[in-house]
4 protein chains.
Amino acid sequence: MPSSAPMHRFERQELKESHGSLFADEVAIRFQDVDAAGSLFFARLFDYLHGAYEGLLESAGCPLPLVLAEKSWAAPLRHVEADYFGPLTFGDRVVVHIALAHVEETEITLGYRVVKEDESVAAVGQTVHTFIDVGNRTRRPVPPELTRLLTALAN
Amino acid sequence: MPSSAPMHRFERQELKESHGSLFADEVAIRFQDVDAAGSLFFARLFDYLHGAYEGLLESAGCPLPLVLAEKSWAAPLRHVEADYFGPLTFGDRVVVHIALAHVEETEITLGYRVVKEDESVAAVGQTVHTFIDVGNRTRRPVPPELTRLLTALAN
Amino acid sequence: MPSSAPMHRFERQELKESHGSLFADEVAIRFQDVDAAGSLFFARLFDYLHGAYEGLLESAGCPLPLVLAEKSWAAPLRHVEADYFGPLTFGDRVVVHIALAHVEETEITLGYRVVKEDESVAAVGQTVHTFIDVGNRTRRPVPPELTRLLTALAN
Amino acid sequence: MPSSAPMHRFERQELKESHGSLFADEVAIRFQDVDAAGSLFFARLFDYLHGAYEGLLESAGCPLPLVLAEKSWAAPLRHVEADYFGPLTFGDRVVVHIALAHVEETEITLGYRVVKEDESVAAVGQTVHTFIDVGNRTRRPVPPELTRLLTALAN
């Protein structure tokens, strides 16, 4: 994974103002995910984003537990980021939307929008997954069922 | 692992009043291990106990990363418990002592005492590990290097 | 909280063979809750048990976020324990049942039964909560709405 | 915190090729921070970065537990990101370097370089902290002791 290869990133504003939803996952901020400052520990947001990613894989017909068991392909993260627009606290209920997707031959970028009950956007994020063969850890094409789903949903 | 097999448990009072230390691990309560009520999330205490257990294994000459790589034996937990005598908060520094050990043929019980800087005991805990062959998941003797260390330290 | 005060504990066998369900919470073992040995990190089971406890509080009309905001009472854990009857892995779906409850004047013991899709019991656990006034941290009676619910459900 | 305000971001390549170290924190990848795919769960990298940030604050004379207790200022995260150059697994020992710092009037960007024992860079990251008064949650200047330390170290 040469770090110099080009990579698609969404703009924070583009994500914040997005309206689409390729997948939506309802989440309640957990009691134990709050930190000593009293709000969601920033890194736990990624746990919630990953939950939506797993839901997307399942709806594409390739649930992650099955993918891991088959040892055919893997999709390690190359890059992740998040922007926070205000604190989230225990008891807040949010919807994690996979708002945008960008599909390259061997890589996808997923953009997330985390929306509170009052419809305000609490955070946005993105994850860049590189697809590899488990055997030799070299790049391979994005699984067609995933490409198909993302392409269909994006239209 | 028939749940009816006998199992050694220490008494909470016995652990609280223990003085020995087969292994000691200094820990600072982490920012992100506090919960929405403002003190250490109770389950994270076990993360700290496990750190001491890993230190013990390393000092016995069988560090856990190596044990996992060799795929010879494993020591899944059969039983764990903890008693809390007061809240721990972010910034508290404690010492996790492995205070007591009970060694059976295929099982060990480790007792922990978690001590604050003012020497008060914040919590005690215990973990019962059953030793198995990784291949067929049947019980096997406790590795001799571990028995030797625990026996030597206990005297 | 004198550590010598009597405390109710259920027997592991009693929990394993229990059939009741005061509250049930469906949980999928999370990708990130697995450890380097490939199965659920033992301490994360308590995160799932706590989820069921939060659900119980909500169904009693005292959701934990509200309880924390009101700063009237708190229910710190005095004791917790768990017994594991076999490994749980990523993708396993379990139901966490609050199977048994024992109510004292200022303390409750909740017993949990964690059941897999094949109806086998993967683990049992229990948590002992002591009720205190937030102001002075002295013991106070179990909130009546919780006593009422637990008593009603237990019959 | 208007999301449109300018924000300093380091380039991933700039971080990867950096050599400086404003603060260094040795970390062993924890048993429980590995995921079901067998390597460090990507989001746990941020837990390690936060550890280095806390170390930096302490060396600047404003340890985070004290900062929280004083309720004077807070530094919520506005933006975080990470790039991964290869998997980290249980037992790996890394050094988390705070490699670069950019100081604005009310905001700092910290850049991190995570280096393995073979001197290869496993990951880089950055965190953008906005300084606010705890009372009214409006922006305030970066605490002078932190500015002083970062300026001194950067030269």
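All values reported here derive from a predicted model rather than from experimental measurement.

**Quick notes on the overall build of chain A**
Here is step 1: Counting its regular elements, chain A contains four helices and seven strands.
Here is step 2: Along chain A, helices (α) and strands (β) appear in the sequence α-β-α-α-β-β-β-β-β-β-α when read from the amino end.
Here is step 3: For a compact globule of 155 residues, the expected C-alpha radius of gyration is about 15 Å, and chain A comes in at 16 Å, within 12% of that figure.
Here is step 4: Along the first, second and third principal axes, the C-alpha set of chain A runs to 45 × 30 × 30 Å.
Here is step 5: Looking at the 155 residues of chain A, the share that counts as buried comes to 46%.
Here is step 6: Expressed as a percentage of contacts within chain A between residues at least 6 apart in sequence, the contacts between residues at least 24 apart total 71%.

**Let's talk about the relation of the copies chain A and chain D**
Here is step 1: Mapping chain A onto chain D calls for a rotation angle of 180° and an axial translation of 0.0 Å; the resulting RMSD is 0.0 Å. The two molecules are tied by a two-fold rotation axis, judged by turn and shift. The position closest to the rotation axis in chain A is occupied by the C-alpha of A:Glu81, lying 2.0 Å away.
Here is step 2: Of the residues that chain A buries at the interface, 100% are likewise interface residues in chain D, meaning the two copies contact each other through the same surface.

**Focus on the interface of chain A and chain D**
Here is step 1: Tallying the contact residues gives 24 residues for chain A and 25 residues for chain D.
Here is step 2: Elements that contribute at least two residues to the side of chain A that touches chain D include exactly α1 (12-16), α2 (44-59) and β3 (77-84) of chain A.
Here is step 3: Ranked by the residues each element gives to the side of chain A that touches chain D, the list is headed by β3(A), at eight residues.
Here is step 4: Residue composition of the side of chain A that touches chain D, by class: 15 nonpolar, three polar and six charged.
Here is step 5: Direction of pairing for β3(A) relative to strand β3 (residues 77-84) of chain D: antiparallel, over a ladder of five bridges. Among the inter-strand pairings, A:His79 is bridged to a residue of β3(D), identified as D:Asp83.

**Re unusual backbone geometry**
Note: most peptide bonds trans; most residues except glycine with negative phi.
All names here are of chain B.
Here is step 1: One non-glycine residue with positive phi stands out, namely Glu-119, at about 75°.
Here is step 2: Tracing the chain through its elements places Glu-119 in the loop between β5 (107-116) and β6 (121-130).
Here is step 3: The class for Glu-119 is exposed, based on 7 C-beta atoms found within 10 Å.
Here is step 4: In this structure, Arg-137 is a non-glycine residue whose phi angle is positive, near 55°.
Here is step 5: Looking at Arg-137, the number of C-beta atoms within 10 Å reads 13, which means it is partly exposed.

**Quick notes on the sheet that holds strand β1 (residues 23-28) of chain B**
Here is step 1: Read from one edge of the open sheet, ten strands run β1(B)-β4(B)-β5(B)-β6(B)-β3(B)-β3(C)-β6(C)-β5(C)-β4(C)-β1(C), paired in antiparallel fashion. At either end of the open sheet lies a strand with only one pairing partner, and these are β1 of chain B together with β1 (23-28) of chain C. The mean inter-strand angle of the sheet, taken between neighbouring strand axes irrespective of direction, is 15°.
Here is step 2: Pairing between strand β3 (residues 77-84) of chain B and β6(B): seven bridges, direction antiparallel. Bridge assignment links B:His79 to a residue of β6(B), and that residue is B:Val128.
Here is step 3: Against the sheet, helix α2 (residues 44-59) of chain B makes contact with β1, β3, β4 (93-103), β5 and β6 of chain B, and its axis sits at roughly 140° relative to β1(B), the strand it touches most.
Here is step 4: In this fold helix α4 (residues 144-154) of chain C packs onto β4 (93-103) and β5 (107-116) of chain C, with an angle of close to 105° to the strand it touches most, β4(C).

**A short note on the confidence of the model for chain A**
Note that predicted coordinates carrying low pLDDT should not be read in detail.
Here is step 1: Looking at chain A, the pLDDT average stands at 95 and 97% of residues meet or exceed 70.
Here is step 2: Interface confidence for the predicted complex, given as ipTM, is 0.96, next to a pTM of 0.96.

**Some words on the relation of the copies chain C and chain D**
Here is step 1: The two copies are related by a screw operation: chain C maps onto chain D through 180° of rotation and 0.0 Å of translation along the axis, at an RMSD of 0.0 Å.
Here is step 2: Of the residues that chain C buries at the interface, 100% are likewise interface residues in chain D, meaning the two copies contact each other through the same surface.

**What about the interface of chain C and chain D?**
Here is step 1: Taken together, the contact between chain C and chain D spans seven residues of the former and seven residues of the latter.
Here is step 2: Counted by class, the side of chain C that touches chain D contains five nonpolar, one polar and one charged residues.

**As for the pairing of strand β5 (residues 107-116) of chain A**
Residues and elements named next belong to chain A.
Here is step 1: Summarising burial for β5: seven of the ten residues are buried, a large majority.
Here is step 2: Here strand β4 (residues 93-103) pairs with β5 via nine bridges, running antiparallel. Counterpart to Val-96 in the pairing with β5 is Val-114.
Here is step 3: A loop of three residues connects β4 with β5, the two strands running antiparallel in sequence.
Here is step 4: Of the pairings in the sheet, the one linking β5 to strand β6 (residues 121-130) comprises nine bridges and is antiparallel in character. What sits directly across from Thr-109, in β6, is Val-128.
Here is step 5: Between the antiparallel neighbours β5 and β6 lie four residues, among them Glu-119 with a positive phi of about 75°.

**Comments concerning helix α2 (residues 44-59) of chain C**
All names here are of chain C.
Here is step 1: In this model, α2 (16 residues) spans 23 Å end to end at C-alpha, consistent with the 22 Å of a helix rising 1.5 Å per residue.
Here is step 2: Counting buried residues along α2, twelve of its 16 residues qualify, which places the element largely inside the surrounding structure.
Here is step 3: Listed as buried for α2 are Arg-44, Leu-45, Phe-46, Asp-47, Tyr-48, Leu-49, His-50, Ala-52, Tyr-53, Glu-54, Leu-56 and Leu-57.
Here is step 4: Where the residues of α2 are buried, they touch β1, α3 (64-70), β3 (77-84), β4, β5 and β6 (121-130).
Here is step 5: Just beyond α2, the residue with positive phi is Gly-61, at close to 85°.

**Some points on the sheet that holds β3(D)**
Here is step 1: Judged by pairing direction, the sheet is antiparallel, and its ten strands sit side by side in the order β1(A)-β4(A)-β5(A)-β6(A)-β3(A)-β3(D)-β6(D)-β5(D)-β4(D)-β1(D) without closing on themselves. Strands at the two margins of the open sheet, each flanked by one partner only, are β1 (23-28) of chain A together with β1 (23-28) of chain D. Sheet twist, expressed as the average angle between the axes of neighbouring strands with direction ignored, equals 15°.
Here is step 2: When β1(A) meets β4(A), the two strands line up antiparallel, connected through six bridges. Its bridge partner being in β4(A), A:Asp25 is matched across the sheet by A:Val96.
Here is step 3: Sitting on the sheet, helix α2 (residues 44-59) of chain D touches β1, β3, β4 (93-103), β5 (107-116) and β6 (121-130) of chain D, and the angle it makes with β1(D) is about 140°.

Conventions adopted
- Residues numbered from 1 in each chain as written.
- Chains lettered and ligands numbered in written order.
- Predicted model: local features only at pLDDT ≥ 70, side-chain atom pairs only at ≥ 80, totals over all residues.
- Helix = DSSP H or I, 4+ residues; strand = E, 2+ residues; numbered from the N terminus.
- Rg over C-alpha atoms; globule rule 2.2 N^0.38 Å.
- Buried ≥ 20, exposed ≤ 12 C-beta atoms within 10 Å, placed from the backbone.
- Contact = placed C-beta atoms within 7 Å.
- Least-squares fit on C-alpha atoms with pLDDT ≥ 70 in both.
- Nonpolar A, V, L, I, M, F, W, Y, C, P; charged D, E, K, R; others polar.
- Pairing = 2+ DSSP bridges.
- Axes fitted to C-alpha atoms, helices over the stretch in contact; angles between N-to-C directions.
- pLDDT = per-residue confidence, 0-100.
- Expected span 1.5 Å × (residues − 1).

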